[in-house]
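# Structural features, examined
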Amino acid sequence: QVQLVESGGGLVQPGGSLRLSCAASGSIFSIDAMGWYRQAPGQQRELVARITNGGSTNYPDSVKGRFTISRDNAKNTVNLQMNSLKPEDTAVYYCNAIVQAFPSAFRGSYWGQGTQVTVSS
């Protein structure tokens, strides 16, 4: 079993910053990509940022230049620094990891429980 635990959500004013963190634990041999997704009420879950185990990143245009994803492979953690936040960034943010539990195992996609980010004055 693999668990992902997120932290760092909350309420922030427009233009402010928040930092989300996610720690993976459990049966982990290796982690491929890690990422952050978000889901606003009535909307589909969407990719916010993704990083490979080699450090390559990708962002949608909606957050490019404002959000930065980083990871610590030794600690199995991934962070999301969010700057210049806008009301439209309000959503539940979910951590995702593609994990291989042991050598030769299939890779599984795991999700955290989600953390609320609210951008409002």
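Refer to the preceding data block for the structure.
Values in this document were obtained by computation on a predicted structure and should not be read as measured data.

Turning to the pairing of strand S11 (residues 115-119), a few remarks are in order. Across the two faces of S11 the burial differs, with Thr115, Val117 and Val119 buried and Gln116 and Thr118 not buried at all. As judged from the three bridges shared by strand S2 (residues 10-12) and S11, these two strands associate in the parallel manner. Paired with Val12 across the strands is Val119, a residue of S11. In this structure, strand S9 (residues 91-100) lies alongside S11, joined through three bridges in antiparallel fashion. Across the sheet, residue Ala91 finds its bridge partner in S11, namely Val117.

Relative to the assigned elements, Ser17 resides in the loop between S2 and strand S3 (18-26). Separated by 33 residues in sequence, Ser17 and Arg50 place their C-alpha atoms 19 Å apart. For Ser17, the contacting residues outside a window of four places in its chain are Val12, Gln81, Met82, Asn83, Ser84 and Leu85. Polar contacts involving the side chain of Ser17 include one to the side chain of Asn83, which spans 2.9 Å.

Turning our attention to the state of the cysteines. This model, assessed by the stated rule, comprises one disulfide. Covalently, Cys22 is tied to Cys95 through a disulfide, its sulfur atoms 2.1 Å apart. Every disulfide takes its handedness from the sign of the S-S torsion; for Cys22 and Cys95 that torsion is -80°, giving left-handed. Placement of Cys22 in strand S3 and of Cys95 in strand S9 is noted, with a sequence separation of 73 residues between them. The burial state of Cys22 is the same as that of Cys95; both residues are buried.

Glancing now at the sheet that holds strand S1 (residues 2-7). Pairing within the open sheet is antiparallel, and its four strands lie in the order S1-S3-S8-S7. Edge positions in the open sheet fall to S1 and strand S7 (67-72), since each of these has one partner strand only. Each strand of the sheet is rotated relative to its neighbour by a mean of 15°, with strand direction disregarded.

Counting residues in hydrophobic clusters, the biggest one holds 28 residues, and the most contacted among them are Trp36, Leu80, Met82 and Tyr93. Counting only elements with at least two residues in this core, the list comes to S1, S3, strand S4 (30-39), strand S5 (46-51), S7, strand S8 (77-82), S9 and S11. When residues of this core are assigned to their parent elements, the largest contribution, five residues, is made by S9. Met82 has contacts with Gly16, Ser17, Leu18, Leu20, Arg66, Phe67, Tyr93 and Val117, leaving out every residue within four places of it along the chain.

So, on to unusual backbone geometry. Located in the positive-phi region is Asn76, a residue other than glycine, with phi close to 55°. Mapped onto the elements, Asn76 comes out in the loop between S7 and S8. The phi dihedral of Ser84 falls on the positive side, at around 50°, and the residue is not glycine. Summarising the element assignment, Ser84 is placed in the loop between S8 and S9. Owing to a relative accessible area of 39%, Ser84 belongs among the partly exposed residues under this scheme.

Calculation notes
Residues numbered from 1 in each chain as written. Predicted model: local features only at pLDDT ≥ 70, side-chain atom pairs only at ≥ 80, totals over all residues. Heavy atoms only, no water. Buried < 20%, exposed > 50% of the residue type's maximum accessible area, 1.4 Å probe, protein only. Helix = DSSP H or I, 4+ residues; strand = E, 2+ residues; numbered from the N terminus. Pairing = 2+ DSSP bridges. Contact = heavy atoms within 4.5 Å. Polar contact = N/O pair within 3.5 Å; in protein donor to acceptor, adjacent residues only side chain to side chain. Disulfide = S-S within 2.5 Å. Axes fitted to C-alpha atoms, helices over the stretch in contact; angles between N-to-C directions. Core = buried A, V, L, I, M, F, W, Y, C linked by side-chain atoms within 4.5 Å.

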